[in-house]
Amino acid sequence: MSMRDKFRDHIHDRIKVLVLGDSGVGKSCLVNLICQPHSSNRPSWTIGCSIEVFLHQFNEGTPNHRSCLIELWDVGGYKTHSLARSIFYDSYQGIILVHDLTNRKSYLNLRQWLGEVLTASDGTQMKEGRIAEEFDPEIFIGKNIPVLIVGTKKDLLSANAASRPRPTSLTEECGAFEIEINCLDSRAFAPGLTNCAEMTRFFDKVIERKYTLSDRMRSSSSSGLLYNTKSPRSHVD
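Colleague: Can you help me understand the packing of aromatic side chains in this one?
Modeller: In this description, a pair of aromatic rings is defined by centroid distance and the angle of the planes. Within this structure, the stated rule accounts for three aromatic pairs. Ring centres of F54 and F203 lie 5.1 Å apart, and the angle between their planes is 65 degrees; this geometry places the pair in the edge-to-face category. Of the two residues, F54 is situated in strand β2 (residues 49-58) and F203 in helix α8 (residues 194-230); the sequence distance between them amounts to 149 residues. For the pair F54 and F203, a shared accessibility class is recorded, and that class is buried. Pairwise contacts between aromatic rings join F54, F177, F202 and F203 into one cluster. Sitting above the plane of the W73 ring, K16 keeps its charged end 3.7 Å from the centroid.

Below, the structure written as C-alpha cells:
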C-alpha cells in the first residue's frame, strides 16, 4: 500500500498534542497564534485544560499530502492542580514544552513537566498519590515521542541573554525540535520563516508516529487472533 493510500482514510482521526509549561509562560498565547490568524494580547488564564483545533497540511507539496485535524491540549500550569492533571495525559501523539526566555527557572522546570507526563502515561505512581516529577531519559528512550520546545517572549530578551548557553541539554536528550518566538507577533509562523518550517516538521512527525503505532497495533491484534485460533484452550490452562 502506498503512503498516499495509507493516509486517505484517516483525515478526521484525532491527533492529540499536549502543550505543557509553567503558569504564565505564554502557552495559551502560543496555541492561539497557531490556531487563529491573529495573536491575542490578553489571553485568559487556563484552569484545567483548554482545547483548540486547527488544520495541518501533512507532507504538503508531496504525493502524500493530506489535511489533518490536530487538537492542542493547553494544560493549566498551576502547581495546586498538579495531582489532577494526569486525566489529560491519555492517548497523546506529541508534546509541546513551553518556557519563558526571560525566566531561566521555567526552562529548568520543563524536565519536571516531561517527567510528569511520561510517568502518568505509564501509570507509574509515587507513594501518597504523587506522580514522579523527574525526567528519566530511560523512560523516554523507545517511546519515540515527538517533542517541540518553544521559548516565548523573545521580544523581551536582551542581547546579552540571547547569547548565554542553555542551562540543560533537554533538547539533545529528547531529540526535540526547538524554536524561539514572540507570541504577540502575528507573523511569527509566516510561511518561509524558520519557525514555521520547524513547527511543520514537528507536526508531520507527530502524524507519522500516530499511524506507525496504529499499524503496529493492527499487526499485533492480527497475530493474537491467529494465535488464539491455533490454541483455543490455552487461556483455560
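Colleague: Even after reading the chapter, I still don't get the side chain of E71, so can you show me in this structure?
Modeller: Looking at the element boundaries, E71 is found in strand β3 (residues 66-75). Assessed through its relative accessible area of 18%, E71 is described here as buried. Within the structure, E71 has its side chain in polar contact with the side chain of W73 (distance 2.9 Å). Sequence-distant contacts of E71, that is, excluding residues within four places in its chain, are made with R14, I15, K16, V17, I51, E52 and V53.

Colleague: Which parts of the structure should I look at to understand the nonpolar core?
Modeller: Nonpolar side chains tend to gather and get buried jointly when the protein is soluble and globular. By size, the foremost hydrophobic cluster in this structure holds 31 residues, and its most contacted members are L30, L72, I96, I181 and F203. Membership of the second largest hydrophobic core comes to 24 residues, among which are L18, V117, F135 and V147.

Colleague: Can you help me understand unusual backbone geometry in this one?
Modeller: Most peptide bonds are trans, and most residues other than glycine sit at a negative phi. Positive phi, normally seen in glycine, also occurs at N59, with a value near 50 degrees. Structurally, the position occupied by N59 is in the loop between β2 and β3. Residue classification places N59 among the buried positions, given a relative accessible area of 15%.

Colleague: How should I be thinking about the sheet that holds β2 in this particular structure?
Modeller: Note: strands within a sheet are paired through backbone hydrogen bonds, in either parallel or antiparallel orientation. Spatially, the six strands line up as an open sheet ordered β2-β3-β1-β4-β5-β6, and their pairing is mixed. Single-partner strands in this sheet number two, and they are β2 and β6 (177-180). Taking each pair of neighbouring strands and ignoring which way they run, the sheet shows an average axis angle of 20 degrees. Bridge count for strand β1 (residues 15-20) against β3 is five bridges, and the pairing is parallel. Its bridge partner being in β3, V19 is matched across the sheet by D74.

Colleague: Explanation requested: helix α2 (residues 27-35) in the structure shown.
Modeller: In an α-helix, one full turn covers 3.6 residues, which means residues spaced three or four apart are oriented alike. Most of α2 sits inside the fold, with eight of its nine residues counted as buried. Here α2 has its buried residues at K27, C29, L30, V31, N32, L33, I34 and C35.

Colleague: Is there a simple way to explain the pairing of β1 in this structure?
Modeller: Within a regular strand, side chains alternate between the sheet's two faces. The buried count for β1 comes to six of six residues, which makes it a mostly enclosed element. Looking at chain direction, β1 and strand β4 (residues 94-100) are connected through four bridges and run parallel. Bridge pairing links L20 to L97 in β4.

Colleague: What am I meant to see in a nonpolar patch on the surface here?
Modeller: Residues I51, V53, L55 and L69 make up a contiguous nonpolar surface patch of about 320 Å² in total accessible area. Here the nonpolar patch gets three residues from one element, more than from any other, and that element is β2. Considering the arrangement of structural elements, one finds I51 in strand β2. Overall, the relative accessible area of 41% leaves I51 in the partly exposed class.

Colleague: Would you take a moment to explain the environment of Q93 for this structure?
Modeller: Tracing the sequence through the fold places Q93 in the loop between β3 and β4. Take Q93: its relative accessible area is 9%, and that puts it in the buried class. Beyond its immediate chain neighbours, meaning those up to four positions away, Q93 contacts R14, I15, K16, I145, P146, V206, R209 and K210.

Thresholds, definitions, all that
- Residue numbers here run from 1 along each chain, matching the order of that chain's written sequence.
- In keeping with the predicted nature of the model, local features appear solely for residues at pLDDT of at least 70, side-chain atom pairs appear and are counted solely at 80 or more, and the whole-chain, interface and lining totals rest on all residues.
- Side-chain numbers here rest on the full set of heavy atoms in the structure, without hydrogens or water.
- Ring pairs shown here join Phe, Tyr and Trp side chains whose ring centres sit within 6.5 Å, with only the six-membered ring taken for Trp; geometry is labelled stacked below 30 degrees between planes, edge-to-face above 60, and tilted in between.
- Secondary structure elements follow DSSP: runs of H or I no shorter than four residues count as helices, runs of E no shorter than two count as strands, and numbering proceeds from the N terminus.
- Note on classification: 1.4 Å probe, protein chains only; a residue is buried when its accessible area is under 20% of the maximum for its type, exposed when over 50%, partly exposed between these limits.
- Counting as a charge over the ring demands two things of the Lys NZ or Arg CZ atom: a distance within 6 Å of the ring centre and an angle within 35 degrees of the ring normal.
- By the criterion applied in these results, polar contacts are pairs of N or O atoms within 3.5 Å in which, for protein atoms, one can donate a hydrogen and the other can accept it, and in which residues neighboring in sequence qualify only through two side-chain atoms.
- Contacts were defined at the residue level, with two residues in contact if any of their heavy atoms lie within 4.5 Å.
- What is meant by a nonpolar core is a set of buried Ala, Val, Leu, Ile, Met, Phe, Trp, Tyr and Cys residues, joined one to another through side-chain atoms within 4.5 Å.
- Strand pairing follows a simple DSSP-based rule, namely that at least 2 bridges must link the two strands.
- In this description, a line fitted to the C-alpha atoms serves as the axis of each element, helices being fitted only across the stretch in contact, and the angle between N-to-C directions of two axes falls anywhere from 0 to 180 degrees.
- Residues enter patches when their relative accessible area tops 30% and they take part in no salt bridge; the joining distance is 9 Å for like charges and 5 Å for the nonpolar side chains Val, Leu, Ile, Met, Phe, Trp and Tyr.
- Throughout, the Shrake-Rupley method with a 1.4 Å probe supplies accessible areas, and for residues the shown protein chains are the sole cover considered.
- The salt bridge definition used is simple: a Lys or Arg side-chain nitrogen within 4 Å of an Asp or Glu carboxyl oxygen.

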